[in-house]
Amino acid sequence: MTVLSLFLYLKRKLEVIVQISSLLTLFETFSFLFLKKWLQATDLTREVYHHLAHYVPRIYCRGPNPFPQKEDMLAQHILLGPMEWYLCGEDPAFGFPKLEQANKPSHLCGRVFKVGEPTYSCRDCAVDPTCVLCMECFLGSIHRDHRYRMTTSGGGGFCDCGDTEAWKEGPYCQKHELNTSEIEEEEDPLMHLSEDVIARTYNIFAIMFRYAVEILTWEKENELPADLEPVEKSDTYYCMLFNDEVHTYEQVIYTLQKAVNCTQKEAIGFATTVDRDGRRSVRYGDFQYCEQAKSVIVRNTSRQTKPLKVQVMHSSLVAHQNFGLKLLSWLGSIIGYSDGLRRILCQVGLQEGLDGENSSLVDRLMLSDSKLWKGARSVYHQLFMSSLLMDLKYKKLFAVRFAKNYQQLQRDFMDDDHERAVSVTALSVQLFTAPTLARMLITEENLMTIIIKTFMDHLRHRDGQGRFQFERYTALQAFKFRRVQSLILDLKYVLVSRPAVWSDELRHKFLEGFDAFLELLKCMQGMDPITRQVGQHIEMEPEWEAAFTLQMKLTHVISMMQDWCASDEKVLIEAYKKCLGVLTQCHGGFTDGEQPVMLSICGHSVETIRYCVSQEKVSIHLPVSRLLAGLHVLLSRSEVAYKFPELLPLSELSPPMLIEHPLRCLVLCAQVHAGMWRRNGFSLVNQIYYYHNVKCRREMFDKDIMMLQTGVSMMDPNHFLMIMLSRFELYQIFSTPDYGKRFSSEITHKDVVQQNNTLIEEMLYLVIMLVGERFSPGVGQVNATDEIKREIIHQLSIKPMAHSELVKSLPEDENKETGMENVIEAVAHFKKPGLTGRGMYELKPECAKEFNLYFYHFSRAEQSKAEEAQRKLRRQNREDTALPPPVSPPFCPLFASLVNILQSDVMLCIMGTILQWAVEHNGYAWSESMLQRVLHLIGMALQEEKQHLENALEEHVVTFTFTQKISKPGEAPSNSPSILAMLETLQNAPYLEVHKDMIRWILKTFNAVKKIRESSSTSPVAETEGTIMEESSRDKDKAERKRKAEIARLRREKIMAQMSEMQRHFIDENRELFQQTLELDGSSSAVLDSSPVVSGTTFTALGPAQTQVPEHRQFVTCILCQEEQEVKVESKAMVLAAFVQRSTVLSKNRSKFIQDPEKYDPLFMHPDLSCGTHTGSCGHIMHAHCWQRFFDSVQTKEQRRQQRLRLHTSYDVENGEFLCPLCECLSNTVIPLLLPPRNVFSRLNFSDQPNLTQWIKTISQQIKALQSLRKEENASTTASSKNSENLGEVKLPEGFRPDFHPQNPYSESIKEMLTTFGTATYKVGLKVHPNEEDPRVPIMCWGSCAYTIQSIERILSDEDKPLFGPLPCRLDDCLRSLTRFAAAHWTVASLPVVQRHFCKLFASLVPNDNYDDVPCILDIDMFHLLVSLVLAFPALQCQDFSGISLGTGDLHIFHLVTMAHIVQILLTSCTEDNSMDQENLTGEEEVATLALYKILHQYTGSALKETPSGWHLWRSIRAGTTPFLKCSALFFHYLSGVPAPSDVQVSGASHFEHLCNYLSLPNNLICLFQENSEIINSLMKSWCRNSEVKRYLEGERDAISYPRESNKLIDLPEDYSSLINQASSFSCPKSGGDKSRAPTLCLVCGALLCSQSYCCQTELEGEDVGACTAHTYSCGSGAGIFLRVRECQVLFLAGKTKGCFYSPPYLDDYGETDQGLRRGNPLHLCKDRFKKIQKLWHQHSITEEIGHAQEANQTLVGIDWQHL
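Student: Help me get a handle on the overall build of the chain, residues and values and all.
Tutor: Tallying secondary structure elements over the chain gives 64 helices and 25 strands in all. Classification of the 1764 residues of the chain by burial places 56% in the buried group. Expressed as a percentage of contacts within the chain between residues at least 6 apart in sequence, the contacts between residues at least 24 apart total 76%. As displayed, the chain offers around 78200 Å² of accessible surface, 52% of which is attributable to carbon and sulfur atoms.

Encoded structure:
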């Protein structure tokens, strides 16, 4: 038998699929045959290729639609089976387990992450943030108790468990630790394999890997490689569509519908597959047929952008490519059996081919990466990960190949349009972050230089000076630029861990890389220069974003470069020299043509260049200067500057050159603040903002301050101050005496004065910063924690902050750490959050003394807020409000000379001048903030001197003599007073009230310093005059303040007395008026208040003992016209805004669905309450006509808007929705306000009322009479002649007049509103078109009343609140109005219809032969039945003149329904054995219950279970009836208006007895049965005989048992990551195992849905909706609560157009939610917040919540909620 015929035989077998076992045996025979053939083959490659050429096209892709399951099965058995046999040399079912056994399991985890899977990184132990663990390893590791970060994977990375280089400690989890015990270093894994297995594996791997690479990288479309060409070639082709990142889903779907003539559903399927796999065939047929589709697609998509990529490919080529992918996956799974096999595959892959460089299979795949489609890429990346990256020896070799090809790979990536995640360049994160590999690549492959050069190659645009120049930042530019930035990321990976030990080779190569990096920075130095616009505003905003994006991305790299330099002294010295060299080169180009100029003040003179920031070009980008500043500080920090001064070029430094550009930059900022650059537009404002922003400031603003500190510490401070004045353009003002006076006398432009003032303030601020900012290690004697503490103290000085706000305001290092957690406890207290809000950190009071008003990272706004907050705090603590400068740490020696600025002559001159202006305050233009800054500087100098004196060593002269200098008056000609004298003058200046405390503090400190000086120089002197003077002035001050306060108090008291006298007078004059108001108040409040009229009386809501309530008059005010009106029967209608919605909150069966709403009969509510109608109201009252007018205006506005532009609103006018005019609560109808309807209709109560038995007989007779009449009428329409005598034939019961039609007492407007609300309830409840004539309208009204009462009773029970406790008034008003409306609605319905309903409802309890379709007693919700019967009864009773009152009917109906409910409970109660049986049998209730149970047992034909204990039965009855009794009590309370007994108004005790009294029931409910035994027994018999009851008792069906349990939202796990894990393994139910992108959990039923994707859209009422919207209709009747698992967001949906996001119930340890999982802190369930969501659901407030959210945030309205 030839192989081919065997194959055809097999194929026939497959299609018939006869016994599977024999088929598998045949496959094994088939593989065995090939094994023998291949083992003997001389040219194995030819044999295998021949086999593949023959079978692959026959298995794969036969026709337009692939069948993956069938293809995979055939491929496994016919193609891969023989290879597995060959590899093992025997049946692989035995061979592979043997290999696995011999293999030592790997100590690396290597699990490749799926999209959305949770990953964990330990913030304490991970070497960098890319080191992550999978959930399983994390839970078994030591890191779960550390500070960890949780994120969701984008797919493609792998678990680093077992990699010792990735973790500082705890590299292994418990599972992988077992495998590490016997690791021999570099043990060869091939030892475990036999020679021949190695040889065979090598052969088959080499052939198969080569085949796969060859076929996947094959570029011809309609021919195959020569050795794979089949004998006969068919003319079948595929039109193959490829994915790109340019076209949208919509464009592709639209194009496909046109091109291949398919439905939208099919097009969506194609588009989804293309997006997921990277390609999909969209047409199958001959060449012409496919070519035509291709041309349509290309034509349609090439208009705006490049066209979609389409190829017409021969079907056999596609087949081979599909098998090639299958083969790579197969190789990946085979090497999992043994490390030896993995090693062989790596050897095969990396073996150089015949063509020399780059000819290995791995190289070929990598280099054709950008030509492959998405699916092929991810398959071979996965293979690389599971082979090359898991074998440490070959990981190194692969890293070398990767580095050698780096430039080419990046070039391909730049030209490709797929995202980085599916590019081979993304593997850099796996290679470059391993420290040993990174160092090896730097030294051997010069990796740093390669990355930087590659980066420079892609930024080719330069200006004349060789600086980067960026084009306009269009979307395409941004896209390309984002690609280039990925190179910076690679550089960051290489630098992520600093070397502890340096080799000479590493030093050499690092410095070579550093040179390249300086070249890059040199191209950035001075880029984007700007010139001030004068005259007119700038026309075109210059490009600035690209430069700043580049700066931001490089920030961490620059910091890391400095860290590397700092870790080795030799490298630091070399780097410093190189950097200085480059800076000198940069400056060479700047100084041309700027003339020198001489400056002199106070006898000091200096030469500088003439340069004006406001006239010349200036740039904010100075990375070379800033890098030098950083390195200079490192010299100081690592003490290299003091150890090897001879090796450093410090003497060559020219300080004026160093400070020039940073100073220009700071002057630019000052001038922008002064408003001098207004005409330069927003681009400059944004640049200044980012320059100071926390993301950039570390390598921009902070370094500029450091550079100035560096320069100034090497200069004469007087020279620096003169240069600074010159750059600030203030030199004139301070160098010319009386310039200020001249300046203000020549009435100059107000703007110029303002500008100069701001510039002086900024200049003083700069001096404060230069001297005061010494919290950087290296500048001051501090460490990194001091720096971070200070940042936090100043942030919290503004206001208490949440953890996330604080983290955002602190700079992050390259590992995304701020270092905050280590120090926060020392400076702040944590306050936990409540139900809303977040946890807050508050500053500890003892830290307030470290507050510096001029902290250099404050923005203007933050500074004023902080000042305000701190002064307020001091006032609260009864301290003076001065904010003196805090004591600063000492400078490092390299920067020690900086403090001399404070006592330099020029500085004293500046201070003196400004104080002089303040003293003669009218003659000069000066500002208070200028003075405040001068005072701060004086304070700093005094603190400094005090420190110097206190820390001075014996015999050491303190050269800092500020106190002496400020005591000396000016020189001869001007004879200006001394600074001290001026301060004493200013102390009492009335216009400086605010600064008094500060000046006082300065004088006090001055005296203290003087004292220390004198005590250290001579013997102590008596107290100086100054202090005594000051003390006395202070006492005077205090006394003065006290006197003023006393006067003010007396004045207040006098005024108050006058006012109360006038009030009394007014009341006396208008006494009668006040009497009336009080009465009115009393009457209206009595109506609102449902508390008892007389305390101590018992209240009964129905029956003969019903409490008579005096009628109250009720006055209400319309919120629209503000008119007051009394609620009367005949007056105009008043209405409440209301919202009716369908609800499944109480449902016990969500799967029920009304098939045809038009034919559905809602008369009986099933006890599973599968769907009810709930009515809610905000309680605001309007006139009906005012409301009508308001609603009409809303409608017309909406119509007008539709014509203009269709914006969504939060309400849907077409569905009758509107927002309450007062509180904007969503409403869709109105409920009329009525008086208690029973009082309107009830006639006199007669004393002799019938008992239950008589009443049932009477009612049954009346029903019979009605039915006979109805039959007569039906007959009479057919034969009208006999009409007259028929009426006489029907025997009417006594006093019953069916021809009587009662008069409707209500006014027309009230009748109209009754109809309006009834129709609305019917329309919403049944989802049908409104029809007020429909007989089901009254049923829906009664049902809504019953359901709303039930849901409120449930809420009260769940919260353990009393039934008649203080209900919120909106609920109280709603229930009252709803019950009264439902009771009055029959007056506007058709009388026969309501009577017919009553008859049928009554028949469910009292059998009637005319009704055979009445449900059995187990399938009726008794409370709904009660409400419907009570409210339908007046329609029958109004025709009864026999004297039976309405109240009697209510009582008997209630008793009858209660008994039916008890029977219901007894039939469904589950038996439990209880140990308390015997002792409790004595009570009468138990005995009676047992007797009743026995009767039922007899009636059900002994089908009822054996008698349990009476105690247990009575307990079941009490528990089961309580909800029913509570609902009934609420119902009759609102119906009759009888106040609730006070006992039921408190929570706690069981109210069973009180409820029974209120409802005229005996406490022992079984007495009802005993009193009416004759009729009840016959009724019970009929109830029990029902076939459904029999079926239930025989176990053939279910029934609801009582009491019904409360519905709750699903239980959520405590730890959020278990939810993420659950969602990551959830795949989309419709697209064949594809991972869902937005898995969403329904919190009501726990279903996981695939939201927000085309694949799971379904059609609902003729519209495509997403999975969540569709689910809300089946699960929540249109409303739903979901948790979007990947975003950690709660989603509320209502209908198709409404939705909002709500804060999730998961919080991190800092009491904050993390929507979008951006921060990654571990999240835990907050039970209270979850309860709050549950409460919203129970209260039916979801829709209302959405309405409020959408009104508050208009962006929510624009979202297409129906697609979620």
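Student: Quick rundown of the packing of helix α30 (residues 717-727) against helix α33 (residues 750-772)? Include the residues and the values.
Tutor: Viewed as axis vectors pointing N to C, α30 and α33 meet at an angle of 145°, and their least axial separation amounts to 11 Å. Remark: the crossing between α30 and α33 carries right-handed chirality. Every residue of α33 that contacts α30 at F720, L721, M724 and L725 is listed here: M763, L766, V767 and L770. Partitioning the contact of α30 with α33 into residue classes produces 8 nonpolar, no polar and no charged.

Student: Any chance you could break down the sheet that holds strand β16 (residues 1229-1232) for me, citing the residues and the numbers?
Tutor: The strand order across the open sheet built from 3 strands is β13-β12-β16, with neighbouring strands paired in antiparallel fashion. Edge strands, defined here as strands with exactly one partner in the open sheet, are β13 (1172-1183) and β16. Ignoring which end each strand starts from, the neighbouring axes of this sheet average 40° apart. As judged from the 4 bridges shared by strand β12 (residues 1134-1143) and β16, these two strands associate in the antiparallel manner. Residue pairing in the sheet places A1137 in a bridge with V1230 of β16.

Student: Which residues make up the packing of aromatic side chains, and what are the values?
Tutor: Overall, the coordinates contain 46 aromatic pairs when judged by the stated rule. Between Y237 and F287, the aromatic rings sit 5.2 Å apart at their centres with planes inclined by 75°, giving edge-to-face as the arrangement. Of this pair, Y237 sits in strand β3 (residues 237-242) while F287 sits in helix α11 (residues 287-301), and the two are 50 residues apart along the sequence. Among the residues examined, F287 registers a relative accessible area of 33% and is labelled partly exposed. With a centroid separation of 5.9 Å and 85° between ring planes, the pair formed by F855 and Y856 is classed as edge-to-face. Both residues of the pair, F855 and Y856, count as buried.

Student: I'd like a description of the pattern of salt bridges, backed by residues and values.
Tutor: Summed over all chains, the structure comprises 54 salt bridges. Where E762 meets R860, a salt bridge forms, and the shortest distance between an N and an O atom there is 2.6 Å. On the criterion of sequence distance, the pair formed by E762 in helix α33 and R860 in helix α37 (residues 860-876) is long-range, its members being 98 residues apart. Residue classification places E762 among the buried residues on the basis of a relative accessible area of 11%. One salt bridge in this structure joins E773 and R790, with 2.7 Å as the shortest N-O distance.

Student: Go over the sheet that holds strand β4 (residues 279-285) with me, naming the residues and quoting the values.
Tutor: Taking strand neighbours across the sheet as the criterion, the 3 strands line up as β4-β3-β5 in an open arrangement whose pairing is antiparallel. Two strands lie at the open edges of the sheet, namely β4 and β5 (310-314), each paired on one side alone. Ignoring strand direction, the axes of neighbouring strands in this sheet form an average angle of 30°. Pairing between β3 and β4: 6 bridges, direction antiparallel. Across the sheet, residue C239 finds its bridge partner in β4, namely R283. Strand contacts of helix α9 (residues 249-260): β3 and β4, with the helix running at about 10° to β4, the strand carrying the most contacts. Each of β3 and β4 is contacted by helix α10 (residues 264-277), which is oriented at about 130° to β4, the strand it contacts most.

Student: Give me the lowdown on empty space enclosed by the protein, citing residues and values where you can.
Tutor: One pass over the structure, following the stated rule, counts 10 cavities of 30 Å³ or more. When its volume is computed, the largest cavity comes out at roughly 230 Å³. Taken together, 20 residues make up the lining of the largest cavity; nearest its centre are L1169, Q1350, R1354, P1523 and R1604. Secondary structure elements with two or more residues in the lining of the largest cavity: α50 (1336-1358), α53 (1422-1437) and α56 (1510-1536). Ranked by the residues each element gives to the lining of the largest cavity, the list is headed by α56, at 4 residues. Within the lining of the largest cavity, the residues separate by chemical class into 9 nonpolar, 5 polar and 6 charged.

Reading the values: the criteria
Residues numbered from 1 in each chain as written. Predicted model: local features only at pLDDT ≥ 70, side-chain atom pairs only at ≥ 80, totals over all residues. Heavy atoms only, no water. Helix = DSSP H or I, 4+ residues; strand = E, 2+ residues; numbered from the N terminus. Buried < 20%, exposed > 50% of the residue type's maximum accessible area, 1.4 Å probe, protein only. Contact = heavy atoms within 4.5 Å. Areas by Shrake-Rupley, 256 points an atom, 1.4 Å probe, with all protein chains shown as cover. Axes fitted to C-alpha atoms, helices over the stretch in contact; angles between N-to-C directions. Left-handed = near helix turned anticlockwise from the far one by under 90°. Nonpolar A, V, L, I, M, F, W, Y, C, P; charged D, E, K, R; others polar. Pairing = 2+ DSSP bridges. Phe/Tyr/Trp six-rings, centres within 6.5 Å; stacked < 30°, edge-to-face > 60°. Salt bridge = Lys/Arg side-chain N within 4 Å of Asp/Glu carboxyl O. 1 Å grid on protein atoms, 1.4 Å probe; cavity = no way out; pocket = protein on both sides within 12 Å on 5 of 7 lines; lining within 4 Å. Points joined across faces, edges and corners; volume = space filled by probe spheres on them.

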